[in-house]
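What follows is each chain in one-letter form.
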Amino acid sequence: MSKIQTPQAIRGTQDIFGPEQEAFGFVVDTFERVRRLYNFKRAEMPVFEPTAVFARSLGETTDVVSKEMYSFDDRSGDSLTLRPEFTAGIVRAYLTNGWQQHAPLKLTTHGPLFRYERPQKGRYRQFHQIDAEILGAGEPAADVELLVMADQLFKELGIDDGVTLHLNTLGDPESRAAWRTALVAHFEKHRGGLSEDSQTRLDVNPLRILDSKDPRDRPIVGEAPVIDDSLTDEARTFFDAVTAGLDAAGVAWTRNARLVRGFDYYRHTAFEFITDRLGAQGTVLGGGRYDGLVEALGGPHTPSVGWAAGIERLAMLVGERDAPSIDVAVVPLGEAAEQAANGIIANLRRGGIATDMAYRGNMKKRMKKANDAGARFAVILGEDELANGKAAVKDLSTGEQRDVALGDIVDAVR
RNA sequence: GCGGUCGUAGCUCAGUUGGUUAGAGCGCCGGUUUGUGGUACCGGAGGUCGGGGGUUCGAAACCCCUCGUCCGCCCCA
């Protein structure tokens, strides 16, 4: 008989618990609080969609679509895909549910995403993001609002000093096309000096050469034309409005003329919040304006902006956190006291006081558990106290202890 | 997908040129204290040495394969 082999977790997945989960939860809770301050609604979408949702939106040739998606045929033969990003599914929901009537629609969501990649720290096959989108708004004010919200999120997470907002514009289609043409001409002239990767990029996605890390590419990139020379007046006006809005809101940013987008549908504003504390996984929040996406999914022209941030990466910057302490631990002695304690803990909890009681153990163990849980008070209920209709309330920080009538316990520990 | 690193207790790590029953700290459990936590002291449990195969009288250590981790590239949050 062979030994039973415990199944292992799938590569690139994580079980999050304890101090790491506290950090993870802190990120999500903070995001939920901040998005309400900005009057963003919350939406839930399925974790899988028809494969076409992502293939069309991301572009068939991108790495994400061509080799990183978890795609499979379901039992009826339909090709489904575990979402590798949020935006495409949100746009699909926007179109299929008629959310256009709410435009401009400010939406947030968060949850798991899936990409078949080589795992590293801060990079997983199932990972989690928070996401914010504004659909149906072509005004630069929408870009500004999203960026100010992101900035406030970093501040409230306490990690703003390690993170920098990098900002660029990709222009409108006309600007972008002109810039692209100029870039291709420049890089073609120096093709032989480019790295092998960048020579491939030149044929597939020339903008991507700009953020190449290869030292051979740096001098050629340094002389490459910048978007500013190709911007139409409208595109320039738009970008100026965004930067002026950020300045007015007191949000620090730096221009990064080499910041481009991997996905095809981005226009105008592109941005990333970058840290130098996570190695190669420096981008902790990224996004931009994707005015062309809704049309790519068969909808009407719907200018939109959005961003997403990796919860794991944010949680790593936040650092491990302790679980919140409870207020009261009830320590009963004997069966009669254990029964009576049920009423006491119910009253405490109904009164909004975080309370716990161990299922078993002698007094010493229960006191230790009370201490470990960070309880401010122990409510000790023994035979003597019970007979008098009282309980001993002990302040665990000072060690002081006094008898309190059972009906007064909630007030005594408040 | 490419190149590299590292896998020993729940965690962080020792482990001599290959040589008996594989160690420490922290954590966990118990005791000193049969109605009182934090400190201290004492004791205990806990290990397929990632897995499989090979070399050898003998492997945690050497070789091969494999799985996983971490780092860089690609790409991206």
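Residues numbered from 1 in each chain as written. Chains lettered and ligands numbered in written order. Predicted model: local features only at pLDDT ≥ 70, side-chain atom pairs only at ≥ 80, totals over all residues. Heavy atoms only, no water.

A. Local environment of the overall build of chain A. Regarding its fold elements, chain A presents 15 helices and 16 strands. In summary, chain A has a C-alpha radius of gyration of 28 Å against a globular reference of 22 Å for 414 residues, an excess of more than 25%. When the backbone C-alpha atoms are referred to their principal axes, chain A occupies close to 95 × 70 × 45 Å. A buried classification covers 49% of the 414 residues belonging to chain A. Intrachain contacts of chain A at a sequence separation of at least 6 include 68% that bridge at least 24 residues. (Helix = DSSP H or I, 4+ residues; strand = E, 2+ residues; numbered from the N terminus. Rg over C-alpha atoms; globule rule 2.2 N^0.38 Å. Buried < 20%, exposed > 50% of the residue type's maximum accessible area, 1.4 Å probe, protein only. Contact = heavy atoms within 4.5 Å.)

B. Unusual backbone geometry, seen in detail. Cis peptide bonds are those with omega within 30 degrees of zero, and the linkage from alanine 103 to proline 104 qualifies with -10 degrees. Structurally, proline 104 can be placed in the loop between helix H4 (87-96) and strand E5 (105-114). The phi dihedral of asparagine 39 is positive, around 60 degrees, even though this residue is not glycine. Mapping asparagine 39 onto the fold places it in the loop between helix H1 (19-37) and strand E1 (41-42). Note on asparagine 39: relative accessible area 48%, which makes it partly exposed. Even without being a glycine, histidine 268 presents a positive backbone phi close to 55 degrees. Among the structural elements, histidine 268 can be located in strand E9 (residues 267-275). A residue is classified by how much of its surface remains accessible, and histidine 268, at 9% relative accessible area, is buried.

C. Looking closely at the sheet that holds strand E10 (residues 283-289). Taken together, the eight strands give an open sheet; going across it, the order is E1-E5-E6-E11-E10-E9-E7-E8, and neighbouring strands pair in mixed fashion. The open sheet terminates on both sides in strands that have one partner only, identified here as E1 and strand E8 (254-255). Relative to E9, strand E7 (residues 163-169) runs antiparallel, the two being bridged by seven bridges. Its bridge partner being in E9, leucine 165 is matched across the sheet by phenylalanine 273. (Pairing = 2+ DSSP bridges.)

D. Here's a closer look at the protein's contact with RNA strand B. The environment of RNA strand B is made up of 44 residues, and the closest members are Arg115, Lys121, Arg123, Lys365 and Leu396. In the model, a base nitrogen of RNA strand B is placed 3.5 Å from a nitrogen or oxygen of the tyrosine 124 main chain. Contact between RNA strand B and lysine 213: a phosphate oxygen at 3.3 Å from a side-chain N or O atom of the residue. Every element with two or more residues in the surface near RNA strand B is listed here: strand E6 (126-135), helix H7 (196-204), E10, strand E11 (304-310), helix H13 (363-372) and helix H14 (383-387). Counting residues per element, the surface near RNA strand B draws most heavily on H13, which supplies six residues. Broken down by class, the residue content of the surface near RNA strand B amounts to eleven nonpolar, 13 polar and 20 charged. (Near = heavy atom within 4 Å. Polar contact = N/O pair within 3.5 Å; in protein donor to acceptor, adjacent residues only side chain to side chain. Nonpolar A, V, L, I, M, F, W, Y, C, P; charged D, E, K, R; others polar.)

E. A look at the packing of aromatic side chains. Using the criterion set out here, one finds three aromatic pairs in the structure. Between tyrosine 70 and tyrosine 116, the ring centres sit 5.9 Å apart and the planes meet at 70 degrees, which makes this aromatic pair edge-to-face. With tyrosine 70 in strand E3 (residues 70-73) and tyrosine 116 in the loop between E5 and E6, the pair connects residues that are 46 residues apart, well separated along the chain. By relative accessible area, tyrosine 70 is classed as partly exposed at 26%. For tyrosine 116, a relative accessible area of 44% corresponds to the partly exposed category. The side chain of arginine 261 reaches across the aromatic face of tyrosine 266, ending 5.4 Å from its centre. (Phe/Tyr/Trp six-rings, centres within 6.5 Å; stacked < 30°, edge-to-face > 60°. Lys NZ or Arg CZ within 6 Å of the ring centre and 35° of its normal.)

F. Representation of the pairing of strand E12 (residues 328-332) in the model. A large share of E12 lies buried, amounting to five of its five residues. Burial of E12 is two-sided: the residues Val328, Val330 and Pro332 facing one way and the residues Ala329 and Val331 facing the other way are all buried. Pairing analysis gives two bridges linking E12 to strand E13 (residues 355-356), with the strands arranged parallel. If you follow valine 328 over to E13, its bridge partner there is threonine 355. This β-α-β element, E12 to helix H12 (residues 335-350) to E13, shows right-handed connectivity. Pairing between E12 and strand E14 (residues 377-381): five bridges, direction parallel. (Right-handed = clockwise from strand over helix to strand, strands pointing away.)

G. Looking closely at the domain arrangement of chain A. If you check the domain split of chain A, you get domain 1 (19-172 + 232-318) and domain 2 (328-413). Averaged C-alpha coordinates put domain 1 and domain 2 at centres separated by 48 Å. (Domains from an automatic or database assignment.)

H. Representation of the sheet that holds strand E4 (residues 79-82) within the structure. Across the sheet, three strands lie side by side as E2-E4-E3; this open sheet has antiparallel pairing. One side of each edge strand has no neighbouring strand; the edge strands of this open sheet are strand E2 (48-50) and E3. Strand-to-strand twist in this sheet, taken as the mean axis angle between neighbours without regard to direction, amounts to 30 degrees. Bridging between E2 and E4 involves three bridges; their strand directions are antiparallel. By the bridge assignment for E4, glutamate 49 is matched with threonine 81. Its contacts with the sheet put helix H2 (residues 51-58) on E2, E3 and E4, and the angle it makes with E2 is roughly 75 degrees. (Axes fitted to C-alpha atoms, helices over the stretch in contact; angles between N-to-C directions.)

I. Up close: a nonpolar patch on the surface. A cluster of nonpolar side chains, namely Val47, Phe48 and Phe72, defines an oily patch on the protein surface of about 240 Å² accessible area. By the element assignment, valine 47 lies in the loop between E1 and E2. (Patch = residues over 30% accessible without salt bridge, like charges linked within 9 Å, V, L, I, M, F, W, Y side chains within 5 Å. Areas by Shrake-Rupley, 256 points an atom, 1.4 Å probe, with all protein chains shown as cover. Salt bridge = Lys/Arg side-chain N within 4 Å of Asp/Glu carboxyl O.)

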